[in-house]
Amino acid sequence: MNMMDFNVKKFAADAGTFLSRAVQFTEEKLGQAEKTELDAHLENLLSKAECTKIWTEKIMKQTEVLLQPNPNARIEEFVYEKLDRKAPSRVNNPELLGQYMIDAGTEFGPGTAYGNALIKCGETQKRIGTADRELIQTAALNFLTPLRNFIEGDYKTIAKERKLLQNKRLDLDAAKTRLKKAKAAETRASIWAEEVTKSEQELRITQSEFDRQAEITRLLLEGISSTHAHHLRCLNDFVEAQMTYYAQCYQYMLDLQKQLGSFPSSYHSNNNQTSVVPVPSASSNVIGSSAMTSSGLVMTSPSNLIDLKEGSGSRKARVLYDYDAANSSELSLLADEVITVFSVVGMDSDWLMGERGNQKGRVPITYLELLN
C-alpha cells in the first residue's frame, strides 16, 4: 500500500512538473513570461551541432544514392541491416552487362570480329563491376559507417542532453516566475513570507540543476570539432577509394581500346557497313575512302595502301586517334599529328613502321589516314 502511495505521489509530481513546463513554454511564446537566455558560446555550439547533423545526413544519403542508384536495393540493404543480417550478394549492372556481352559473343562466334570484340568488352565490364563492388565496400566501411555512427550515436546523446537542458531552463524560469509572484504578494500580506522562502529555495535548486546541465551539454558540444576532424579523415579515405576505382576503370578501358584497335584488318562489320565507329577498328572506312576529309586532304584508296605495303617508299599519314605504345617496338601517337610511314618486309599486314623525327616504331594502320 505504501509503495502504491509512493507511485501515485511520484506520478502526481511528474504531472505537476510537466504542466508547469507547458505553462512556462506557452507564456514565453505569447510573450507573457521571461526566458533565461543561454550564453553566446553555448548557443554557437548548439548551432554548430545542428548544422553538422543536417549536412552529415544529406551527404550520407546522397553518397548512398551514388554508390547504389537502385532505391529498391537500398531499401533491401537497410532492412537487412536493421535485422542484423547479411544482405544476399547480387550481380551489379556492369557485371550483368559483361555477362550478356560474353554470352552474345560466344554465340556469334569468338572467331568473328564482332563476337571477339563482345567477349573482350564483356570481360572488361566484369572487371569494372568487381572494382565497383570494392568501391562500395570500402566507402561503406571507411566513410558511411562513421557518418552513420555520429547521427545514430553522438548526436542522439547531444539531442537528449539538449532536451534535458531545455527542461531545466523551463523549470528555472517557472521557479523565477513563482518567486516573483510570491514577493509581489508578500508586500500585501505577511502570510506569503513562507511562500517566498520556499520559492527562493526552489530557485536555488533549479538554478543549480540548470547550470550543471548546461555544463554537461557544453562539454558534449565541444566534441563536434573532434567529429569534424574525424570526418575529414574519413572523407580522405573516400576520395582515395574513388581515385583507385576510376584509375582502375581507366586502365581497363585503355587496355580494351588497344585490344580492339589491334584487330586484323580482315575483320569487318558483320553486315558489311562502312560507317565509322568511335573505337578505331578495321571496320572504319577512313583508309578505304577516296572522299575529301574536313581538312581538305585526300585519303588513299585501297590500291594505294597495297602499293605502300608492297613497295619500299615512304608516305605521310595523319593520326586519327591517340595511341599508347604497348611496348618499346611501337610508337606512341597523338591525334592529328602527321608522321612518316613506310612498309617493312615481313611485318604484319595490320602495321606500318612510323617515324617522327628520331623516334621510330610500329604503328597500327587503323589509326592512320594516309595522305596524297
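Residues numbered from 1 in each chain as written. Predicted model: local features only at pLDDT ≥ 70, side-chain atom pairs only at ≥ 80, totals over all residues. Heavy atoms only, no water.

Novice: What am I meant to see in the overall build of the protein chain here?
Specialist: Counting its secondary structure elements, the protein chain contains eight helices and five strands. Order of helices (α) and strands (β) in the protein chain, N terminus to C terminus: α-α-α-α-α-α-α-α-β-β-β-β-β. When burial is assessed residue by residue, the protein chain has 35% of its 372 residues classed as buried. Long-range contacts, defined here as pairs at least 24 residues apart, represent 63% of the contacts in the protein chain between residues at least 6 apart. When the accessible surface of the protein chain is split by element, carbon and sulfur atoms take 56% of a total near 22700 Å². (Helix = DSSP H or I, 4+ residues; strand = E, 2+ residues; numbered from the N terminus. Buried < 20%, exposed > 50% of the residue type's maximum accessible area, 1.4 Å probe, protein only. Contact = heavy atoms within 4.5 Å. Areas by Shrake-Rupley, 256 points an atom, 1.4 Å probe, with all protein chains shown as cover.)

Novice: Would you mind showing me how to read the confidence of the model for the protein chain here?
Specialist: Segments scoring low in pLDDT should not have their predicted coordinates read at a detailed level. Per-residue confidence for the protein chain gives a mean pLDDT of 81, with 79% of residues at or over 70. Averaged pLDDT values over the elements of the protein chain bottom out at 51 in helix α8 (residues 302–310) and peak at 95 in helix α2 (residues 40–67). Overall, residues 265–303 carries pLDDT values under 50, and its contacts beyond four positions in sequence, including any with other chains, amount to 68 contacts. (pLDDT = per-residue confidence, 0-100.)

Novice: Even after reading the chapter, I still don't get the pattern of salt bridges, so can you show me in this structure?
Specialist: Side chains that differ in charge, positive against negative, can pair when their charged atoms come close. For the structure on display, the rule yields 13 salt bridges. Of the charged contacts, one joins Asp 173 and Arg 169 as a salt bridge, the two residues approaching to 2.6 Å between their closest N and O atoms. Separated by four residues within a single helix, Asp 173 and Arg 169 lie in helix α5 (residues 113–186), roughly one turn from each other. The same class applies to Asp 173 and to Arg 169, which are both buried. With a closest N to O distance of 3.6 Å, Glu 330 and Arg 362 form a salt bridge. Of this pair, Glu 330 sits in the loop between β1 (314–319) and β2 (338–342) while Arg 362 sits in strand β4 (residues 359–364), placing them 32 residues apart in sequence. Assessed through its relative accessible area of 9%, Glu 330 is described here as buried. Using a relative accessible area of 24% as the deciding quantity, one classes Arg 362 as partly exposed. (Salt bridge = Lys/Arg side-chain N within 4 Å of Asp/Glu carboxyl O.)

Novice: Hey, could you run me through the sheet that holds strand β5 (residues 368–370) in this one?
Specialist: The strands making up a sheet are joined through hydrogen bonds of the backbone, oriented either antiparallel or parallel. Across the sheet, which stays open at both edges, the five strands sit in the order β4-β3-β2-β1-β5 with antiparallel pairing between neighbours. Sheet topology places β4 and β5 at the edges, where each strand pairs with a single neighbour. Averaged over all adjacent pairs, the angle separating strand axes in this sheet is 40°, with direction ignored. (Pairing = 2+ DSSP bridges. Axes fitted to C-alpha atoms, helices over the stretch in contact; angles between N-to-C directions.)

Novice: I tried to follow helix α6 (residues 193–221) on my own but got confused; where do I start?
Specialist: Three- or four-residue spacings in an α-helix give side chains the same orientation, since the helix completes a turn every 3.6 residues. With 29 residues, α6 should reach 42 Å at 1.5 Å per residue; the first-to-last C-alpha distance of 42 Å fits that figure. Val 196, Ser 199, Leu 203, Thr 206, Phe 210, Gln 213, Ala 214, Thr 217, Arg 218 and Leu 221 are the residues of α6 that are buried. (Expected span 1.5 Å × (residues − 1).)

Novice: Which parts of the structure should I look at to understand the pairing of β2?
Specialist: Regular strands have side chains that alternate between both faces of the sheet. Within β2, four of the five residues are buried, leaving the element largely enclosed by the surrounding structure. One ladder, built from five bridges, connects β1 with β2; its direction is antiparallel. Within the sheet, the bridge partner assigned to Arg 315 lies in β2 and is Val 341. Two elements, β2 and strand β3 (residues 351–356), share three bridges in a ladder whose sense is antiparallel. Its bridge partner lying in β3, Phe 342 is registered against Met 353.

Novice: Looking at this structure, I do not really get the environment of His 231. What am I missing?
Specialist: Considering the arrangement of structural elements, one finds His 231 in helix α7 (residues 224–261). Taking the relative accessible area as the measure of exposure, His 231 reaches 12% and is therefore buried. Put simply, His 231 and Phe 150 are 81 residues apart on the chain and 9.5 Å apart in space, counted from C-alpha to C-alpha. With near-sequence residues (within four places) excluded, His 231 lies in contact with Thr 56, Pro 146, Leu 147 and Phe 150.

Novice: Explain unusual backbone geometry to me, please; I cannot follow it from the model alone.
Specialist: Where the residue is not glycine, phi is negative for most of them; where a peptide bond is considered, it is trans in most cases. Even without a glycine there, the phi angle at Asp 336 is positive, about 80°. Mapped onto the elements of the fold, Asp 336 is located in the loop between β1 and β2.

Novice: Can you help me understand the packing of α2 against α6 in this one?
Specialist: Working note: a packed helix pair is described by the angle between its axes plus the distance between those axes. At their nearest, the axes of α2 and α6 sit 10 Å apart, and the two run at 50° to each other. When the interaxial angle is binned, α2 and α6 end up oblique. The two elements α2 and α6 meet at a crossing, and its hand is left-handed. Residue-level inspection shows His 41, Leu 42, Leu 45, Leu 46 and Ala 49 of α2 in contact with α6, the latter providing Ala 214, Thr 217, Arg 218 and Leu 221. Split by residue class, the contact of α2 with α6 holds six nonpolar, two polar and one charged. (Parallel < 35°, antiparallel > 145°, perpendicular 65-115°, else oblique. Left-handed = near helix turned anticlockwise from the far one by under 90°. Nonpolar A, V, L, I, M, F, W, Y, C, P; charged D, E, K, R; others polar.)

Novice: What's the story with the packing of aromatic side chains in this structure? I'm lost.
Specialist: For any pair of aromatic rings, the description consists of the separation of the ring centres together with the inter-plane angle of the planes. Throughout the structure, instances matching the rule amount to seven aromatic pairs. Taking 5.9 Å as the distance between ring centres and 85° as the angle between the ring planes, the aromatic pair formed by Tyr 321 and Tyr 367 counts as edge-to-face. Here Tyr 321, found in the loop between β1 and β2, pairs with Tyr 367, found in the loop between β4 and β5; they are 46 residues apart in sequence, far enough to count as distant. Residue class for Tyr 367 comes out buried when judged on its relative accessible area of 1%. Grouping aromatic residues by their ring pairs yields a cluster made of Tyr 321, Tyr 323, Trp 351 and Tyr 367. If you follow Lys 58 out to its NZ or CZ, it ends over the ring of Trp 55, 4.6 Å from the centre. (Phe/Tyr/Trp six-rings, centres within 6.5 Å; stacked < 30°, edge-to-face > 60°. Lys NZ or Arg CZ within 6 Å of the ring centre and 35° of its normal.)

Novice: Would you take a moment to explain a nonpolar patch on the surface for this structure?
Specialist: Taken together, the side chains of Ile 54, Trp 55 and Ile 59 present a nonpolar region at the surface, about 290 Å² in accessible area. In this fold, Ile 59 is placed in helix α2. With a relative accessible area of 41%, Ile 59 lands in the partly exposed category. (Patch = residues over 30% accessible without salt bridge, like charges linked within 9 Å, V, L, I, M, F, W, Y side chains within 5 Å.)

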